[in-house]
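Chain residues, written in single-letter form:
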Amino acid sequence: MVKVDLSGAKAFFTGNGPDYSAAEAAHKVLAERSGAGADFLGWPELPAKIRETELDRIVAAAEKIRSRSSVLVVIGIGGSYLGAKGAIEFLRPNPGPGDTRVLFAGNGVNPDYLYDIIGQLADRDFDVNVISKSGTTLEPAVSFRIFRDILSAKYGDEANDHIFATTDAKRGVLKSLADANGWESFVVPDDVGGRYSVFSAVGLLPMAVAGIDVRKVIDCAVKEFKALDERSESNPAWQYAAARQNLYASGKKVELLACFDPKFRWMAEWWKQLYGESEGKDKIGIFPASVEFTADLHSMGQYIQDGERILMETVVRFDECMTFMEVPFVSSNADGLNYLAGRDLGEIGRVIEDAVMEAHISGGVPCMTVSVKKRNEEGLASLVCFFELACGISGYMSGVNPFNQPGVEAYKKNMFRMLGKPGAV
Ligand code: PA5
């Protein structure tokens, strides 16, 4: 389970501090499925369910793809790609020899971006995993048309064997196309929204193709959701949710998710979608932003230390790095660094983390930490389960429905009208 440390936020809490009775009530509503958006509360049971249903087939499909293709093109947007992208960049960013490379398309319509991906395919064998719960999202649908053409030109009648569709079990254009063309299909469960779907085939098939041990991830996630069901103030999800709501009420409108490991960058993008889409509605909500340290200390560091005091900071920490690397001793000591000689970079990094947080707290930025042992499968499962549950609790505490996204429709309506879609007004 993750550990949350609120000591760096304590001085900034107002009233009686984090409201644990509100967190408890929100957790109850969530667990009993008695609140708004209750139809989308299938995600806490998702790891246990997927283990019983599709996991074997997901692993088998991944093995088939890995054995014959050097590239998998994953086509999806929002919740239909950020979880997989985050997990792969977190655990397996550099494909090893023999690994299938996973490329992401359909998260926009920029032709230059697509052209680059197509260029990377060159004459390589590849498969396509098209992911869309609704099956109607324009950006992935347009990209999919383009990649279907390329598949047909390359594989002829065999093209359909190279398409894997992840979509609704019964409805939607993608489901109809999959049935009509015999594509192997996986399900986005009805009761799981896109941003909560990383432990379905949406996240697991691309992860498995990238070489991640998805059985291990799922086993850890099952245990993690069970542990997070604890109803007490020691539940880290209560601590985090209640602390951020307290800080928001005192004017900390922006939450910076910070991490000192660059491999967390895309997990932060996943987190931003999770929290932004879940909480930003009804004209309220903490704005989720992210920074990558120490790099961003030399760009955003000035604002964080000294700009408008609207920030709270959540630092994701790892107790141990995966690699040991020490600073070499140099007898001339011309660069003056011998005071660090023999010390592990991971240990030096942890000292820097403490120094940064101390500076930010003294500059008026409350700092919370969320830590796991290592950047491995267990760490990934712990972070995903924790952030998902805390998001649901925090959203209910703020009074919104954390499981819808009505605001996303506004641009689509304009876009379809302006593009001349038949019937669009
Ligand atoms: O979280 C969500 O529900 C959204 O971000 C969706 O995942 C995103 O809009 C893509 O939708 P779809 O999977 O229907 O193409």
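What counts, and at which threshold
Residues numbered from 1 in each chain as written. Predicted model: local features only at pLDDT ≥ 70, side-chain atom pairs only at ≥ 80, totals over all residues. Heavy atoms only, no water. Pairing = 2+ DSSP bridges. Helix = DSSP H or I, 4+ residues; strand = E, 2+ residues; numbered from the N terminus. Axes fitted to C-alpha atoms, helices over the stretch in contact; angles between N-to-C directions. Phe/Tyr/Trp six-rings, centres within 6.5 Å; stacked < 30°, edge-to-face > 60°. Buried < 20%, exposed > 50% of the residue type's maximum accessible area, 1.4 Å probe, protein only. Lys NZ or Arg CZ within 6 Å of the ring centre and 35° of its normal. Near = heavy atom within 4 Å. Polar contact = N/O pair within 3.5 Å; in protein donor to acceptor, adjacent residues only side chain to side chain. Areas by Shrake-Rupley, 256 points an atom, 1.4 Å probe, with all protein chains shown as cover. Nonpolar A, V, L, I, M, F, W, Y, C, P; charged D, E, K, R; others polar. Domains from an automatic or database assignment. Contact = heavy atoms within 4.5 Å. Buried area = accessible area lost by both parts, 1.4 Å probe. Salt bridge = Lys/Arg side-chain N within 4 Å of Asp/Glu carboxyl O.

K.L.:
Just give me the short version of the sheet that holds strand S6 (residues 184-187), but keep the residues and values in it.
P.N.:
As summarised here, the arrangement of the five strands in space is S3-S2-S4-S5-S6, forming an open sheet in which the pairing is parallel. Since the sheet does not close on itself, it has two edges, and those belong to strand S3 (101-105) and S6, each with one partner. Across the sheet, the axes of successive neighbouring strands diverge by a mean angle of 20°, strand direction being ignored. For strand S5 (residues 163-167) and S6, the ladder comprises four bridges, and the chain directions are parallel. Bridged to Thr167 within S6 is Val187.

K.L.:
I'd like a rundown of the packing of aromatic side chains, residues and numbers included.
P.N.:
As enumerated under the stated definition, the model contains 19 aromatic pairs in all. Considering the side-chain rings of Phe126 and Tyr155, the 6.4 Å spacing of their centres and the 50° angle between planes classify their relative orientation as tilted. You can see Phe126 sitting in strand S4 (residues 126-131) and its partner Tyr155 sitting in helix H6 (residues 138-155), a full 29 residues away along the chain. Looking at Phe126, the relative accessible area reads 1%, which means it is buried. Each member of the aromatic cluster is reached from another via a ring pair, and the members are Trp43, Tyr196, Phe225, Tyr396 and Phe403. A cation over an aromatic ring shows up here: Lys85 above the ring of Trp266, its NZ or CZ 4.8 Å from the ring centre. The positively charged end of Lys421 is found above the aromatic ring belonging to Phe416, 4.2 Å away from the centroid.

K.L.:
Account for the site of the ligand, naming residues and giving values.
P.N.:
Around the ligand, the structure places 13 residues, and the nearest of them are Ser80, Ser132, Ser134, Thr137 and Gln273. At a separation of 3.0 Å, an oxygen atom of the ligand approaches a polar backbone atom of Gly79. At a separation of 2.7 Å, an oxygen atom of the ligand approaches a polar side-chain atom of Ser134. If the ligand stood free it would expose 380 Å²; the protein chains cover 87% of that surface. Split into classes, the residues belonging to the shell around the ligand amount to one nonpolar, nine polar and three charged.

K.L.:
Got a sec to walk through the domain arrangement of the protein? Specific residues and values, please.
P.N.:
Domain annotation of the protein identifies domain 1 (3-33 + 230-404) and domain 2 (43-219). For domain 1 versus domain 2, the distance between C-alpha centres works out to 30 Å. Contacts between the two partners involve 29 residues from domain 1 and, on the opposite side, 24 residues from domain 2. Taking both sides of the interface into account, the surface hidden between domain 1 and domain 2 amounts to around 2,300 Å²; carbon and sulfur atoms contribute 66%. Across the pair Glu45 and Arg33 runs a salt bridge, and its minimum N-O distance is 2.8 Å.

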